[in-house]
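Here's the letter readout for the chains.
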Amino acid sequence: MKKILVTGGAGFIGSNFINHILKNRDDYFIVNLDKLTYAGNLENLKESENNPNYVFVKGDIQNNELVNYIFEKYQIKYVINFAAESHVDRSILGAEVFYRTNVIGTNVLLEAAKRFEVERFLQISTDEVYGSLGPTGLFTESTPISPNSPYSSSKAAADLMVQAYHHTYGMPTLITRCSNNYGPYQFPEKLIPLMIINSINNKKLPVYGDGLNVRDWIYVIDHNRAVELVLEKGKIGEVYNIGASNEMKNIEIVKLILKHLNKSEDLIEYVKDRPGHDRRYAIDSSKIQNELGWKPQFSFESAIQYTIDWYLNNRQWWERIISGDYIKYYNEQYLNRK
Ligand code: NAD
Ligand code: DAU
């Protein structure tokens, strides 16, 4: 039995990871440590909560005592660190919590992992650490780190720290850098769920700047299949990019969502740009494809349709979110933007 600490497992990607693993494997025992910030939601894990190979612990990855207790109690040998403050716009409104969780929190996990001599420590990073691309070219694993937002700089700092622990202490670390995910349980602050929900509610769709920024979209299960593979077969000390070669301009995504929902493009509203907005991300994933044999299984066309249908069929899930504290954030973020 592989005893794994998954942090941030009540968030979007982490909960999809836990549900995916527990559905497909019986050789993993997962301890999910999550602080349940605004982005954490145990409803995402309904299908896993009674699984005998799963335990949830509410807590902060910065809590040294708790983290050490978990390693000892559950004899943790593998760590996957999904826990993070993850939203760029929020990092622009207030950066401190990003450095606390994403940098200090990762350090607490690394120290415990060193003390308890884990077999593998997998840091879930992001393509945003590479900065922004011009109209051509792709991020490879050797593209220099050049983050632009408080969020991406905190993720880059964590990556450098993870690599330093490998170099200095010989810690068995791995890093994955994935592009933009979409799928069920994504918090409505992010582009795709925000646009789906606003369209359903006939609310304006706030497109930043000229709408021509490019992101490279991957379905969350394809990302998590890659995470599973890297954990098991990745070469210690290495970085693996993950992406599905699906570049799209933001405005194309917004129009596609409107079309699927049979709504008018009049809902589109161009608003003030995000400060420091990265123009284009695009991933070269040939390393993980050639070395580990991963490739994406889901086409964008079918997975975006499935995702839109999921939001249509799970109104309760997002209605509870958008009627709570989220209203305050939404007003702060968008009311002054016109
Ligand atoms: P999310 O915001 O949906 O979830 C983050 C989770 O971490 C939440 O459950 C939250 O409660 C938890 N958390 C936050 N601070 C914590 C703390 N101090 N201690 C314990 N738990 C804490 O994020 P996501 O979109 O699922 O992203 C997960 C990871 O993947 C992040 O590390 C992010 O940087 C990375 N990533 C995300 C994307 C994407 O497109 N969403 C792409 C590439 C990489
Ligand atoms: O690339 C991976 C990253 O993708 C992850 O590391 C981050 O955790 C994740 O949040 C995501 O970052 P982005 O900033 O790319 O995602 P977001 O969904 O916030 O925005 C996607 C694009 O859409 C971006 O160009 C900004 C634009 N946008 C976003 C929102 C929320 C809008 O035009 N309007 C909006 O209201």
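Each remark here, short or long, concerns the structure printed above.
The structure contained in this document is the topic of the report that follows. Model, not experiment: these values are computed from the prediction.

A word on the site of ligand 2
So, point 1. Close to ligand 2 lie 26 residues, the nearest being D127, Y151, R274, H277 and Y334.
So, point 2. One of the side-chain N or O atoms of T126 is found 2.7 Å from an oxygen atom in ligand 2.
So, point 3. At a separation of 2.6 Å, an oxygen atom of ligand 2 approaches a polar side-chain atom of Y151.
So, point 4. Computed on the free molecule, ligand 2 has an accessible area of 690 Å², of which 94% lies beneath the protein chains in the complex.
So, point 5. Put simply, the parts of the chain that give the shell around ligand 2 at least two residues each are α3 (88-93), α6 (191-200) and β8 (205-208).

Examining the site of ligand 1
So, point 1. For ligand 1, the set of nearby residues contains 28 residues, the closest of which are I13, D34, S86, Y151 and K155.
So, point 2. Contact distances for ligand 1 include 3.0 Å between an oxygen atom and a backbone N or O atom of T37.
So, point 3. One nitrogen or oxygen atom from the side chain of S86 is found 2.7 Å from an oxygen atom belonging to ligand 1.
So, point 4. Across the complex, the protein chains shield 97% of the 840 Å² of accessible surface that ligand 1 would expose by itself.
So, point 5. Across the shell around ligand 1, the residue classes break down as 12 nonpolar, 12 polar and 4 charged.

Considerations on the environment of I242
So, point 1. Within the secondary structure, I242 is located in strand β10 (residues 239-242).
So, point 2. Residues I242 and H277 lie 35 residues apart in sequence; the distance between their C-alpha atoms is 22 Å.
So, point 3. Sequence-distant contacts of I242, defined by excluding residues within four places in its chain, comprise T176, R177, C178, S179, I218, H223, A226, I283, S285, I288 and W294.

A look at the pairing of strand β4 (residues 78-81)
So, point 1. Residues Y78 and I80 point to one face of β4 and V79 and N81 to the other, with burial holding for every one of them.
So, point 2. Sheet topology places strand β1 (residues 2-7) next to β4; 4 bridges connect them, and they run parallel. In the strand pairing of β4, T7 is matched with N81.
So, point 3. Where β4 lies against strand β5 (residues 120-126), 4 bridges are found, and the strand directions are parallel. Bridging from a neighbouring strand, N81 pairs with Q123 of β5.

Details of helix α12 (residues 326-334)
So, point 1. Every buried residue of α12 is listed here: Y326, Y329, Y330, Q333 and Y334. Taken around the axis of α12, the buried residues stretch over an arc of 105°, which confines them to a single face.
So, point 2. Turning to α12, the residues buried within the fold contact α3, α6, β8 and α11 (315-322).

About the criteria used
Residues numbered from 1 in each chain as written. Chains lettered and ligands numbered in written order. Predicted model: local features only at pLDDT ≥ 70, side-chain atom pairs only at ≥ 80, totals over all residues. Heavy atoms only, no water. Near = heavy atom within 4 Å. Polar contact = N/O pair within 3.5 Å; in protein donor to acceptor, adjacent residues only side chain to side chain. Areas by Shrake-Rupley, 256 points an atom, 1.4 Å probe, with all protein chains shown as cover. Helix = DSSP H or I, 4+ residues; strand = E, 2+ residues; numbered from the N terminus. Nonpolar A, V, L, I, M, F, W, Y, C, P; charged D, E, K, R; others polar. Contact = heavy atoms within 4.5 Å. Buried < 20%, exposed > 50% of the residue type's maximum accessible area, 1.4 Å probe, protein only. Pairing = 2+ DSSP bridges. Arc of directions from axis to C-beta.

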